[in-house]
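Each chain, letter by letter, is given below.
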Amino acid sequence: MKSNKAFFSFIFIFAVFASLGSAARDYYQIKIYTIKDKTQESTVDTYLKDAYIPALHRAGIKTVGVFKPIESNEDFGKKIFVLIPLKNLEDIEKLESITQKDKKYIEAGAAYINATHDKAPFERIESVLLKAFEKHPDFFIPKYDSPKSDQIFELRSYQGPTEKMWRKKVEMFNEGGECALFDKLGFNAVFYGEVISGADMPNLMYMTSFENTKSNQEHWNAFRNHPDWKELSEKEEYKNTVSHIDKWLCHPTDYSDI
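Residues numbered from 1 in each chain as written. Predicted model: local features only at pLDDT ≥ 70, side-chain atom pairs only at ≥ 80, totals over all residues. Heavy atoms only, no water.

## Section: the state of the cysteines
Tallied over the full model, the rule gives 0 disulfides. In this structure Cys179 is not part of a disulfide, and its nearest cysteine sulfur, from Cys250, lies 20 Å away. Owing to a relative accessible area of 1%, Cys250 belongs among the buried residues under this scheme. (Disulfide = S-S within 2.5 Å. Buried < 20%, exposed > 50% of the residue type's maximum accessible area, 1.4 Å probe, protein only.)

## A look at the pattern of salt bridges
Going through the model one piece at a time under the given rule, you end up with 16 salt bridges. Between Glu237 and Lys168 there is a salt bridge whose closest N-O contact spans 3.1 Å. With Glu237 in the loop between helix 9 (227-233) and strand 8 (244-252) and Lys168 in helix 6 (residues 163-173), this pair connects stretches of sequence that are 69 residues apart. On the basis of relative accessible area, Glu237 is assigned to the partly exposed category, the value being 41%. Among the salt bridges present, the one from Glu234 reaches Lys239, with a minimum N-O distance of 3.9 Å. On the accessibility criterion, Glu234 (55% relative accessible area) is exposed. Exposure remark for Lys239: the relative accessible area of 32% places this residue in the partly exposed category. A cluster of three or more residues bridged by salt bridges with shared partners is formed by Lys38, Glu41, Asp45 and Lys68. (Salt bridge = Lys/Arg side-chain N within 4 Å of Asp/Glu carboxyl O. Helix = DSSP H or I, 4+ residues; strand = E, 2+ residues; numbered from the N terminus.)

Here is the structure:
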């Protein structure tokens, strides 16, 4: 009798841990550098390429994306987006500690780190923290044959008018099937995430990717005209769940891991 109880206890514990494992979701930090001119852009590029990203690699984060808005975007030459995938929230604090102790990082990033107040390397840095969607718990690294200067990575932020309505939009992506439709149509989404700390809450953010601008336009036309989207967008429960959309069409930098 005792052995049976022990057996069923083991099965219960195993099932709990299995369910926890299957529910694990990535976290993402997006660092947004606001810059005012080519000098700042060059300084931040050099810092990211030669100091910060190599330090993240040494800390165990093998894939870091760096993106800049394309020429037709109003933020062209004004912003640099850095995407850092994380497995645990604690990794953010660890990264701060590691970079402060990494001698190679301090040496390679000296010009940026030791910049004077009158020659600041950037205007501001915004940090956005996200938790991956339930239906897309892991980030994805797309592979394209086209040059990075042609590739399009589209970052979008959807703000909700209220927290409850924002939650319905998240549901629309997950249970509603919006993510599934993106997958069906080959949008090659890098990530989908609920913003848990940032300037524009409540909001969600996601990034899709395309071989080039033409592919981006063709995919969105297919999405807007797809019967699944027309049916989903007409559902009363999902109407008015987005109050504002920000979008940036970006190219990855030549030193981006993505």
